[in-house]
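These are the residues of each chain, in order.
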Amino acid sequence: IQYAQTKDGVNIAFWTLGEGMPLVFAPTPPFSHIQREWQWPDYRAFYEALSRGRKLVRYDGRGSGVSEREVTDFSLEAHVRDLEAVVNRLGFDRFALLAGAMAGPAAIAYAALHPQRVSHLLLWAAYARASDFYSLPRMKVIRKLRDEDWETYTETVGHVGTGWSEPEYARRYAALIRESVTQEALQGITGEIERFDVSDMLRKVESPTLIMHPGRAPYPPVDLARGLASGIPDARLVVLEDALLLPWVGNTEAATRAIDEFLGESEEAEAGAEGLRADIVHTILFTDMEGSTSLTQQLGDAKAQEVLRTHNTMIRDALKAHDGSETKHTGDGFMASFSSASRALECALDIQRTLARHNESAEEPIRVRIGLNAGEPVADEKDLFGTAVQLAARICAHAEPGQILLPEGVRHLVAGKVFLFADIGDIALRGFEDPVRLFELRWQGED
């Protein structure tokens with residue numbers, strides 16, 4: 001256990017586990033105790049699963065656990081300062097941020113204020129406006145218990161978190177709550193939390209966002225999750241039907257699988273993302289799925305997630321087959337890098353043909369636009385940046401679903417290869433002063 005000091009002088013306890021992409025798991029105030037959590041085998045197994053291929057960071061918020069207890073400021077800004085102190089202490093320029101329930105507003109606020117630092121935002125059973133949560137009839141009853149009967153309150157929270165089906169887990173979690181915080185401190189912390197409202201900040205979140213809702217949780221209702229998904233641009237909503245309010249109890253595999261897929265940290269993606277260099281020419285490929293944001297409204301949560309999983313699997317299989325390195329997963333699209341322009345084009349053809357075969361019998365067709373470009377981008381760990389990447393993204397955005405577009409430079413790189421192109425002329429692309437000559441790579445038909 002190490003400590004970081006906030007700007008207002010509060011000492012925040014944290015630990016790290018593993019190496020790789022940073023994933024910061026914010027505490028749900030005030031129910032955290034990083035020492036006692038680690039001593040609980042189920043908690044520890046969940047953390048170990050999250051740390052595979054990553055550097056997992058867990059900390060206690062002010063006033064709880066092994067962080068400084070004698071604190072009076074529990075405002076939204078104070079919780080943001082706790083997170084900021086930990087990531088600054090560790091020297092993270094960019095990191096993924098995971099937060100559950102009452103930690104959601106502070107995580108949303110941080111992501112909105114620091115879009116350049118939060119690579120991915122993951123929310124579990126969260127909400128934007130605390131009054132939507134605390135005005136629920138069940139929460140009013142629990143809040144009354146909090147003030148009148150401390151032990152019954154903690155036992156009730158323990159049972160709610162474990163779905164009323166794991167009495168031993170519930171008792172142990174109730175004991176952890178009592179070790180995490182005093183009744184007086186909890187009243188002070190939740191008194192502030194109940195006023196949090198970041199609904200006006202949702203549109204400012206630029207990070208790819210995954211909103212996970214446990215289907216077996218008695219609260220918060222799924223409507224609050226839908227509100228987050230509709231308020232944050234291009235956010236994805238996943239309803240995990242068998243999951244409980246506490247993600248480390250019960251069907252934990254569903255939670256870790258959803259997180260792994262969203263972060264693109266599967267073994268195949270990890271292997272493909274190694275060795276990015278800035279001193280070679282990369283062919284950059286972007287994909288974007290048509291209509292992904294309306295899937296949930298059209299199909300419902302479970303069916304929409306099934307379609308997205310099918311999409312992700314087919315894209316990743318094509319990348320692997322053609323030696324592509326998955327650089328970024330945006331939820332409904334991918335960015336990938338190739339050392340060979342020919343392999344990149346072959347991968348794009350493979351993707352479109354595979355999707356076309358799938359759509360022949362699929363109830364819900366999947367249509368994807370693809371854009372490519374080649375150049376020497378700026379490499380930063382496992383990501384690529386710069387004009388070459390930006391142009392590939394703009395070309396992808398200009399493509400129609402089912403279309404593959406590329407600039408003249410990529411066409412020259414594959415001169416002499418058996419590809420069929422159609423010249424679609426000079427196109428003005430947002431952010432580029434001069435028009436770009438684009439070509440369509442034709443793919444219809446196996447020949």
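About the thresholds
Residues numbered from 1 in each chain as written. Predicted model: local features only at pLDDT ≥ 70, side-chain atom pairs only at ≥ 80, totals over all residues. Heavy atoms only, no water. Salt bridge = Lys/Arg side-chain N within 4 Å of Asp/Glu carboxyl O. Helix = DSSP H or I, 4+ residues; strand = E, 2+ residues; numbered from the N terminus. Buried < 20%, exposed > 50% of the residue type's maximum accessible area, 1.4 Å probe, protein only. Pairing = 2+ DSSP bridges. Axes fitted to C-alpha atoms, helices over the stretch in contact; angles between N-to-C directions. Contact = heavy atoms within 4.5 Å. Phe/Tyr/Trp six-rings, centres within 6.5 Å; stacked < 30°, edge-to-face > 60°. Lys NZ or Arg CZ within 6 Å of the ring centre and 35° of its normal.

Got a sec to walk through the pattern of salt bridges? Specific residues and values, please.
Under the criterion given, the structure shown has 27 salt bridges. Its salt-bridge partner being Arg 62, residue Asp 8 comes within 2.9 Å of it at the nearest N-O pair. Residue Asp 8 is found in the loop between strand S1 (2-5) and strand S2 (11-17), and its partner Arg 62 is found in the loop between strand S4 (54-59) and helix H3 (76-90); the two are separated by 54 residues along the sequence. Asp 8 sits in the partly exposed class, given a relative accessible area of 35%. Take Arg 62: its relative accessible area is 1%, and that puts it in the buried class. Glu 253 is the partner of Arg 257 in a salt bridge, and the nearest nitrogen-oxygen pair spans 3.4 Å. Note that Arg 257 and Glu 253 are positioned in helix H11 (residues 252-263) at a spacing of 4 residues, about one turn of the helix. The class of Arg 257 is partly exposed, set by a relative accessible area of 39%. Look at Glu 253 and you get exposed, because its relative accessible area is 53%.

So, the sheet that holds S1: which residues are in play, and what are the values?
Across the sheet, which stays open at both edges, the 8 strands sit in the order S1-S2-S4-S3-S5-S6-S7-S8 with mixed pairing between neighbours. Looking at which strands have only one partner, the edges of the open sheet turn out to be S1 and strand S8 (236-240). The mean inter-strand angle of the sheet, taken between neighbouring strand axes irrespective of direction, is 25°. Where S2 lies against S4, 4 bridges are found, and the strand directions are antiparallel. By the bridge assignment for S4, Trp 15 is matched with Arg 58.

Can you break down the side chain of Thr 287 residue by residue, with the values?
By the element assignment, Thr 287 lies in strand S9 (residues 282-289). Apart from residues lying up to four places away in sequence, Thr 287 is in contact with Gly 333, Phe 334, Ile 351, Val 368, Arg 369, Ile 370 and Cys 396.

Can you break down the packing of aromatic side chains residue by residue, with the values?
When we look at a pair of aromatic rings, we describe it by the centre distance and by the angle of the planes. This model, assessed by the stated rule, comprises 17 aromatic pairs. Considering the side-chain rings of Phe 25 and Phe 46, the 6.4 Å spacing of their centres and the 70° angle between planes classify their relative orientation as edge-to-face. In this pair, Phe 25 sits in strand S3 (residues 21-25) while Phe 46 sits in helix H2 (residues 41-50), placing the two residues 21 residues apart along the sequence. Considered together, Phe 25 and Phe 46 belong to a single accessibility category, that of buried residues. The structure contains a cluster of three or more aromatic residues connected by ring pairs, namely Trp 15, Phe 25, Trp 38, Trp 40, Tyr 43, Phe 46, Tyr 47, Tyr 169, Tyr 173 and Trp 248. Sitting above the plane of the Trp 38 ring, Arg 44 keeps its charged end 5.8 Å from the centroid.

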